[in-house]
Each structure stands twice: as structure tokens, then as C-alpha cells.
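# Observations on the model geometry
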Amino acid sequence: MDALVSAGLLFSTLWLFKIRKITDAVGIIAFQSALLALVAAIMWYKTGIEHLLVAAALTFAIKTILIPSILYYTINRTNDKQAVERLSSPHVSLLLAILLMAAGYYVATDLRLPGTQHGEHYIASSIILIFLGTFTMIEHKKAIMQAIGLIVIENGIFLITESVTYGMPLVVELGILFDLLVSAVVIAVLAFRIHSSFDSLNTDKMQNLRG
Amino acid sequence: MVLVAVLFLAPLITGLFAWVAQSQRFTEKLQAVGALATLAAAGKIASAVYYGGAINGWHDIIYIDALSAFNIFLIALIGFAASLYSIGYMRHELAEGEISFSQLRFYYLFYHLFIFTMLTVSAVNSLGLLWVGIELTTLVSALLVAFYGKNNALEAAWKYLIMGSVGIAFALLGIIFVYLSGIQTLGQQHAALNWTELLAAAKFLNPSWIKIGFIFILIGFGTKAGLAPMHFWLPDAHSQAPTPISAVLSGVLLNTALYGLFRVYAIANTTLNGEAAQYLIFFGLFSIAITVPFIMIQHDLKRMLAYSSVEHMGIITLSVGIGGTLGLYGAFLHMFNHSMAKSLLFFAAGTICQKYHTKQMGRITGILKSMPVTGTIFLIAAFAITGAPPFNIFLSEITIMMAGFKSNQTIVSVILIVLITIIFAGMMHYIIKMVFGESGNKVERIETSNWSTVALIIPLILVVICGWYVPPLLDNTIYKVSTVLQGGVR
């Protein structure tokens, strides 16, 4: 089960480097977030720590339903040409992503974390998610895709908290999810205004401030 | 605890009422009164902590010691000054047709929400909630940076939001590592993320995880505090925001990010037996050094001030890294002095930019002739910020240099002196050109709204007085604050 979920997370992230339309990316992060909720539920089953179940339900509600809906709405309403724009060609970026994955595995085997009896399957995946999320932000030119990269990084961090530390204290977890929701709204608001001012969401046009 | 509730509710209620109010004058007065109420609550809390020690409550969620109270009071004080300044500044923008009345109400709502988020950061015990608060400050202030909605403002806000969020995400990763070692030592309980518990157990935490955690947090909160090389968003955001917001961003938001960093540093340095200090010294010096070329070639007044903020955050970080009683004392004295001088300078610069209708320093000349009061204050603030005697920053910079020599960091102190001198020359080159000389014939010789001038009084008085001596109350406060970071003693 653990291996299956890990594989799901990794392949969905790699898929980010294959897509042609931005809306597909939203589907991918919704899928990833659903898997994260599942991980939290699995950890609850293994450890019996109750607030993990609350975390699972909230992760599903906020990260799988609300945030992707907000992003999907934003992309559709801005009516931007929905094709993704990358710095390098799709094949090169997929190749780089796979290299980063290998690097992630290497780092994970070097890391000796405590309390990993239930979470060891996920450490490598979370590090890879963080790496690939960062890479997405550098690689893509569309502003929304930077937000997607940010969410992938956050997913990686969520995976570590849920699997290795069995979640954060409940108040903190609520606060973090609230922050993520607010940040999706702020991203949407800014994306709308950027689109109406620049007529595009391409970050190449936003190069005015220097020095 | 009632006081803490008042402290949180005052800015929230003020923001909401300012948002729904229908009359412009009423909104303005209401938000100023609200900011004053926040300041009063902050002052009460500060004196309670000063005389009675740390406040603890709400199931260990709230924890306010001298360091928190110091930061809370600074936020409320600068917040109050900036709320007064906002009245005059925003009236001018409204009259010029730059913004509409509904935008004005939106501004006051988010301004007070912004103050609220910074207060939360300083009043919580859990490192997780500290993170939540710092992330919220980014989200709220990004909307304020984008306030004018022009292309440059949107670009700056987007950069700020994305860089800030990524940096902060890494800080969360660091906090997880700290939590992990906390769990190992304290057991699986929510207190394992509380600063008080972690500090008490700091000697027994696992050094290697704390080290990884600290480095991630240094990068994350360092991004938010504008430490080089993660500072790229800062000059954009601070120069594109409305001026009262620039003053709050530079004057207290950066401090708030450093506050988070220093909290973790107190734990990490105890666990690592002083090994964490070298990172602060490195990032501090690097931040000071990197601003030198940017200040020398700057054309934009507000950008120059923003780079100067990077420099001063570097000095504070460096001083905490030098450590010892004198180093920590110097750091927090500098934090206080920088908040006062930088907000004063931003206020004066904002008024000047409004009158001259430009931020380009080349097009501003003869300020002293066209605006005698603002011009004089601008000159005083500029001397203060560059560390010229007899103003406040001179005293704290001397203290920091002394601390460096005392703790055998001679090279660090010498580099610091050289860099500060070059920056002084670089900034003064532009300031002198702007302040003296003939004013262009376009600018009519009128002073600005009284509100904008009144707001200058609070920081101005403190800049001047603290240049001669450190008042005993402030002196004792800063000693108490620095003992918090020395661990144990509370």
C-alpha cells in the first residue's frame, strides 16, 4: 500500500513535465492531495493517533477540493492561452526531472531520521516532491505554474510531517491549512490583476524591476 | 489574558469598521483611534512583562516574554505612527485621483489585518504557529504591495508572494526537523513544538537534526527578513508599496522575521554549543556587503532605502551572531533604532515623492527650499540611518563594533566599519544632491497635510534622544530582551 501511494505521488509529479495544458496540472495536484489525505489515513490506521484522521479529512476538503477549484476557476476566467510554456523542450525537462528524482533517492538514503518505522517509504518521495516542485517553478514561465510548483513543494513537506512526525499538533495543522487556503485566494486575486494589466500570465513580461 | 485579547481584537475590529464605514473622515479617525488602542494594549502588556515576567496562557498557546513584548510594542508604535501618516498620504492620493474611496477602505482593512498578523507572530509559543503567523504576514502584505495595481506593483507583489512562500516553505521543513528532535526528547505531544519546552530541553536535543533544521529555518526566515542572497524581492516590494506600508515593512516586518529566526537560534545555539553563531555572522556580513554596489548606483529613492534595510538587517543578524551580552544588547538596540530611523526616513521620503511626483533621485533637487520642515527631517533621518553622530544608529553601531572587538572578532568588526563607511558616503552623495540646491520651478512651496507631519514626531523624538543617551527604561528593556536569547534566564 505504502509503495503504491509513493509510486502514485512520484508518477503524478513526473506527469507535470509531460502536460500540454495548465488545467491538467490542477488535476495532478488535486490527485496528489487526495493521496496525501490517504497517507494521513494510513498513518492513523498504523499508529492510532486520532488527530491524523482530522488532518486527513481537512487535507481532502481543502487541498483536494477547495484549492484546485480556486486555481481551476482562475485559469478558466483569465482565458489565458492554456498551453504551458517551458524554458527547455518537454523531453529535456522530463530528463532533468528524472535526474532530480535519482538525486532525491540518493539524499534520502543518506538521511538518518528518527521515528521512521512507519514512514520510511515516504521520505524519498517527499524529498523528490520538494526537488521537483522547485524545478517546476524554475522551468515554467506561466505565473500559475509557479503556484503549482509551490503547492508541489508544500505537498512534499506535508508528506514528511504526516509520515515521519505523524502530523503536527492539531492547532498548527489547522493554521497551516488555513494559510494554504488564503494563499490560494491571494494567488488567484493577483493572477487576475496581473492578467488584466499585462494581458498575459507569462512571467517574461514581468522583468521591469531591476537593480 | 484580557490584555492579550484586546491586543488581538483591537486591530481586527478597527479594520472591519474602517472597511464598512461610509464617510472618509470617519474611517480615517476611526482607524487612527484603533491604532492608538492597539498601542495602548501593547504598552500595557509590555509593562506587565517588564515588571511581572513572562505571560503564559490559553493552553500554552500564548507566550509573551521580554523579546515578544519588545517586538509587540515596536509593531504597535510604528503601526500607530504609520496609521497617522496614512491619513495625510492617502488623502493626497485620493485628491490626485490615484485611488478611489472603496480602495481607501480596502487599504485600511488590510493595513490593520497586517498589524494583527505581525502581533500574532510575536505572541505565540509554538514554533508551528509562529510559522503560520509569518506566512500570513506575507499573504496580507502582498496584497498591500499590489495596492496601486500598476504593472510594477503587481510584478513586485507576485515576486514577493512567490519568493516569500517558497522561502517560508523551507522554514516549515526546518521546523519539522526541530519538531522531530523535540518528539525524540520530549515524547509525542504537542508541547514538543513549544519554544519554552524546546529551549529547556535544548541541551538534550539531537544536534545533527537541529543543525539541518536551523539551516533550513535560517534560509526560510532569512528570505523573509531580506538577508542576502535571498533578498531579491525586497527592494521591489518595499519600493512599490504605498509609503506607509513601506515604512511598516522595513521598520517592523523585517524585525518580525528576524524575531522568528532568533527564537530558533536561541535553541539551536544551545544545542550546538555556539556553532550556529557563525552562520549568522556570515549571512549578516554578506547582506551588508551586497548592498554596497546597489546603493552606489541607485536612481530610485525608495529602492535605495530598501537596500539600506537589507544592510541594517545584516547588521542586526551579525550582532546576534557575535553574541555575548554586548553583542545581543547592540543587536536589539539597533533593531529599535533602525525601526525609528527607517520609518521616519520613509515617511519623509514618501511626502517628498508625492510633492515632486517622482521617485527618481535625479529629478529631486532643493528639498530644503521647497519643503523646509520635511526637508530638515529628511536630512536628520538620512544622517541617522547612515550612522552619523549624534543620532541613535551611531550609538548602536558603535556598540556592535565594540562587541566584535571584545569577543575577538576583530576582522568582522573591521569589515563592518569599512562597509558602513562606504555606504555612508554612497547614500550621502545622493541625499546631499536632493536636499540642497535650487528647487525646480514646477514644485510650489507648500507644506503637506498636518497628519503627515504629526506622524513624524514620534520617531523623530526617539531618533534624536537616543542619539545622546539610551533612556534607562529602554536600556533595562533591552537588557531583559537580550537575556532571553542567552537562554535559560527568563
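Residues numbered from 1 in each chain as written. Chains lettered and ligands numbered in written order. Predicted model: local features only at pLDDT ≥ 70, side-chain atom pairs only at ≥ 80, totals over all residues.

### What about the overall build of chain A?
What counts, and what does not: In this description a helix means any DSSP run of H or I spanning at least four residues, a strand means any run of E spanning at least two, and both kinds are numbered starting from the N terminus. Both definitions apply: the radius of gyration is a C-alpha atom measure, and the globule rule equals 2.2 Å times residues to the power 0.38. In this scheme the burial state of a residue depends on its C-beta neighbours within 10 Å: 20 or more other such atoms mean buried, 12 or fewer mean exposed, and anything in between means partly exposed; the C-beta positions come from the backbone. Our contact criterion uses C-beta atoms placed from the backbone: two residues qualify when those atoms are within 7 Å.
Helix and strand content of chain A: 7 helices and 0 strands. Taken from N to C terminus, the helices and strands of chain A fall in the order α-α-α-α-α-α-α. For chain A, whose C-alpha radius of gyration is 17 Å, the value lies close to the compact-globule estimate of 17 Å for 211 residues. Dimensions of chain A along its principal axes, counting C-alpha atoms only, are 50 × 35 × 35 Å. Burial analysis of chain A (211 residues in total) assigns 47% to the buried set. Long-range contacts, defined as pairs at least 24 residues apart, comprise 73% of the intrachain contacts of chain A with a sequence gap of at least 6.

### Details of the overall build of chain B
From N to C terminus, chain B includes 19 helices and 2 strands. The C-alpha atoms of chain B give 21 Å as radius of gyration, which agrees with the globular expectation for 490 residues (23 Å, within 12%). Residue burial in chain B is summarised as follows: out of 490 residues, 62% are buried. In chain B, the proportion of contacts linking residues at least 24 apart, taken out of those at least 6 apart, comes to 80%.

### Remarks on the confidence of the model for chain B
Note the following rule: Values of pLDDT, which run from 0 to 100, indicate the predictor's confidence residue by residue.
A residue-level look at chain B finds 97% of positions with pLDDT of 70 or above and a mean pLDDT of 90. Scoring of the predicted complex yields 0.93 for pTM and 0.92 for ipTM.

### Focus: the nonpolar core
The test is simple: A set of buried residues drawn from Ala, Val, Leu, Ile, Met, Phe, Trp, Tyr and Cys, joined through C-beta atoms within 7 Å, is what defines a nonpolar core.
In terms of nonpolar packing, the biggest core is built from 260 residues, with L190(A), V145(B), A157(B), L344(B), A381(B) and V463(B) touching the most fellow members. Filtering out sequence-adjacent residues up to four positions away, V145(B) remains in contact with A153(B), A156(B), A157(B), Y160(B), A237(B), Q240(B) and A241(B).

### Points about helix α12 (residues 301-322) of chain B
Short version of the rule: The length a helix should cover is 1.5 Å for every residue beyond the first.
For α12(B), spanning 22 residues, the distance from its first C-alpha to its last is 32 Å, which sits close to the expected 32 Å at 1.5 Å a residue. With 22 of 22 residues buried, α12(B) lies mostly within the body of the structure.

### Concerning the interface of chain B and chain A
Accessible area lost upon the coming together of the parts serves often as the stated size of an interface. Applied cut-off: The classification used treats Ala, Val, Leu, Ile, Met, Phe, Trp, Tyr, Cys and Pro as nonpolar, Asp, Glu, Lys and Arg as charged, and all other residues, Gly among them, as polar.
Counting from both sides, the interface comprises 37 residues of chain B and, opposite them, 36 residues of chain A. Of all the secondary-structure elements, those providing two or more residues to the side of chain B that touches chain A are α5 (127-145) and α6 (151-186) of chain B. A total of 19 residues in the side of chain B that touches chain A trace back to one element, the largest contributor, which is α6(B). Among the residues forming the side of chain B that touches chain A, the class breakdown is 25 nonpolar, 9 polar and 3 charged.

### A look at the environment of P372(B)
All names here are of chain B. On the secondary structure map, P372 appears in helix α15 (residues 372-385). Residue class for P372 comes out exposed when judged on the 12 C-beta atoms lying within 10 Å of it. Separated by 362 residues in sequence, P372 and A10 place their C-alpha atoms 36 Å apart.

### Focus: helix α4 (residues 101-123) of chain B
Taking 1.5 Å of rise per residue, the 23 residues of α4(B) would be expected to cover 33 Å, and the 34 Å separating its terminal C-alpha atoms lies within 8% of that figure. For α4(B), a buried count of 17 out of 23 residues is recorded, marking the element as mostly surrounded by other parts of the structure.

### What about the packing of helix α3 (residues 66-95) of chain B against helix α10 (residues 243-271) of chain B?
All names here are of chain B. Note the following rule: Interaxial angle, 0 to 180 degrees, is taken between N-to-C directions of lines fitted to C-alpha atoms, where a helix line uses only the stretch in contact. An angle below 35 degrees is read as roughly parallel, one above 145 as roughly antiparallel, one from 65 to 115 as roughly perpendicular, and any other as oblique.
Axis separation between α3 and α10 bottoms out at 8 Å; the angle between their running directions is 170°. Relative to α10, the element α3 is oriented roughly antiparallel. Between α3, through N71, L74, I75, I78, G79, A82, Y85, S86 and Y89, and α10, the contact on the second element is made entirely by T243, P244, A247, V248, G251, V252, N255, T256 and Y259. Classifying every residue of the contact of α3 with α10 by side-chain character gives 11 nonpolar, 7 polar and no charged.

### Re the packing of helix α13 (residues 324-356) of chain B against helix α18 (residues 450-468) of chain B
Residues and elements named next belong to chain B. Worth spelling out the cut-off: Crossings are assigned a handedness: left-handed for a near helix turned anticlockwise from the far helix by less than a right angle, right-handed for a clockwise turn.
Viewed as axis vectors pointing N to C, α13 and α18 meet at an angle of 145°, and their least axial separation amounts to 9 Å. For the crossing formed where α13 meets α18, the hand is left-handed. Taking contact as the criterion, the partners of N337, M340, A341, S343, L344, F347, A348 and T351 in α13 are, on α18, S452, A455, L456, P459, L460, L462, V463 and C466. Partitioned by chemical class, the residues of the contact of α13 with α18 number 12 nonpolar, 4 polar and no charged.

### Remarks on the environment of I281(B)
Note on placement: I281(B) falls in helix α11 (residues 277-296). Distance from I281(B) to Q409(B), taken between C-alpha atoms, is 9.9 Å for residues 128 residues apart in sequence.

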